[in-house]
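A structural walkthrough
Okay, here's what each chain looks like letter by letter:
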Amino acid sequence: MNKVIDIFGNEITFDCMGCDIANHKLIPPGGYVYDDGFINVSADPEIPIEGFMVLGINKHIKSINELNSMERNKIMDILNKTIEIIKKTSISNEVMLIQEEKAKHFHIWIVPIHKWMEKFQNNVRNIKEIIDYAKQNFTKQKELELLKAIETIKREFNKNVKEIRKAVRCYLVKDDKVVSIKYNAHNKKAEYYDIPGGKIEKNETPKQAAIREMKEETGLTVSNLKYKGNMIIEYPDRIYDFDVFLTNECNGKPQNFSENTSEWIDIPTLLSKEKILSSLMILNNFYIKGLLEDNNFYMYIKVDENENILDVTYNLGKN
Ligand SMILES: [Zn+2]
């Protein structure tokens, strides 16, 4: 057990501060400004600098080298968002980033540069003096300012963070054909082509969800599913976080249902249809390698409500 005195003068104990904060065993000052189960952002229990944020993760690893490309991408997005908020809310217009591999649990310090740091040349070399000075000069007034900054950052995060829906997509591909579904009239995306899949229910794994949705939407029983990566699709008001599975093994023939029809369709023919959802983009020549070959992929697609593509990030991972 480690023991330290927090910024409010209370003794706190922990085995690993990073793990305890990630698991909500140790609640950081002012609570979490962001927490998605993998990444959390919060104030540091020991460092009383206004707007000072720590980006932590729920894995007990020490190096960025131990993360996969999806995790690194997610960290970079949240890091960017945190810095953006610190600047936008005028807490500071410059930050220092600090990450030490000697810390046993990966985290990044996001240190806003304040005017009073000038006597330390705003310099990362003087970080110890900066922190000591902040501790020695931490008054009740400073405490209020610090808590207010946390609230401000939290509010901005909640304003910007859209609802995230965890879901799956199952690509059944054989001889340049794929099983696609087309939504029927009453669906919000009526007449659009999509890949079978849906929401992950409680008590099921992503793979089980993929098998179940495939059965519900196409009547096919699929087997030997391979996890291929992560596809994030961001709409103006919501974000889908898809686990993507690939297989070429199935039993039965695609059937039609009241919600949707389903069929085997030639990939180029499918891509030439007028109404296709952005989940089909991975079937494009340029991206299909991540789906069909051994690599995992990470794909982020930003779209408007009419499926116009606004932004794409695509990475091939190794693990
Ligand atoms: Zn840990």
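Residues numbered from 1 in each chain as written. Predicted model: local features only at pLDDT ≥ 70, side-chain atom pairs only at ≥ 80, totals over all residues.

**Let's talk about the overall build of the protein**
Helices and strands together make up the secondary structure of the protein, namely 7 helices and 18 strands. Projecting the C-alpha coordinates of the protein onto the three principal axes gives extents of approximately 70 × 40 × 30 Å. Across the 319 residues that make up the protein, the buried fraction comes to 32%. Relative to all contacts within the protein whose residues are 6 or more apart in sequence, the contacts with residues 24 or more apart total 61%. (Helix = DSSP H or I, 4+ residues; strand = E, 2+ residues; numbered from the N terminus. Buried ≥ 20, exposed ≤ 12 C-beta atoms within 10 Å, placed from the backbone. Contact = placed C-beta atoms within 7 Å.)

**Describing the domain arrangement of the protein**
With domains assigned, the protein is organised as domain 1 (2-160) and domain 2 (164-317). The distance between the C-alpha centroids of domain 1 and domain 2 comes to 37 Å. Facing 4 residues of domain 1, the contacting portion of domain 2 comprises 4 residues. Per-class residue counts for the side of domain 1 that touches domain 2 are 1 nonpolar, 3 polar and no charged. (Domains from an automatic or database assignment. Nonpolar A, V, L, I, M, F, W, Y, C, P; charged D, E, K, R; others polar.)

**Points about the nonpolar core**
Residues Val168, Cys170, Tyr171, Leu172, Ala210, Val222 and Phe245 are the most contacted members of the largest nonpolar core, which totals 35 residues. Elements that contribute at least two residues to this core include exactly β8 (163-174), β9 (177-183), α5 (206-218), β13 (226-234), β14 (238-247) and β17 (296-303). By residue number, the principal contributor to this core is β8, which donates 5 residues. Counting residues in hydrophobic clusters, the runner-up holds 25 residues, among them Tyr34, Val41, Ala149 and Ile150. (Core = buried A, V, L, I, M, F, W, Y, C linked by C-beta atoms within 7 Å.)

**A short note on the sheet that holds strand β6 (residues 95-98)**
Read from one edge of the open sheet, 5 strands run β3-β4-β5-β7-β6, paired in antiparallel fashion. Strands with a single pairing partner mark the edges of an open sheet, and in this sheet they are β3 (32-35) and β6. Adjacent strand axes in the sheet meet at a mean angle of 15°, parallel and antiparallel pairs treated alike. Bridge analysis of strand β5 (residues 53-57) against strand β7 (residues 107-112) gives 4 bridges, and the strand direction is antiparallel. Residue pairing for β7: Leu55 is matched across the bridge by Ile108. (Pairing = 2+ DSSP bridges. Axes fitted to C-alpha atoms, helices over the stretch in contact; angles between N-to-C directions.)

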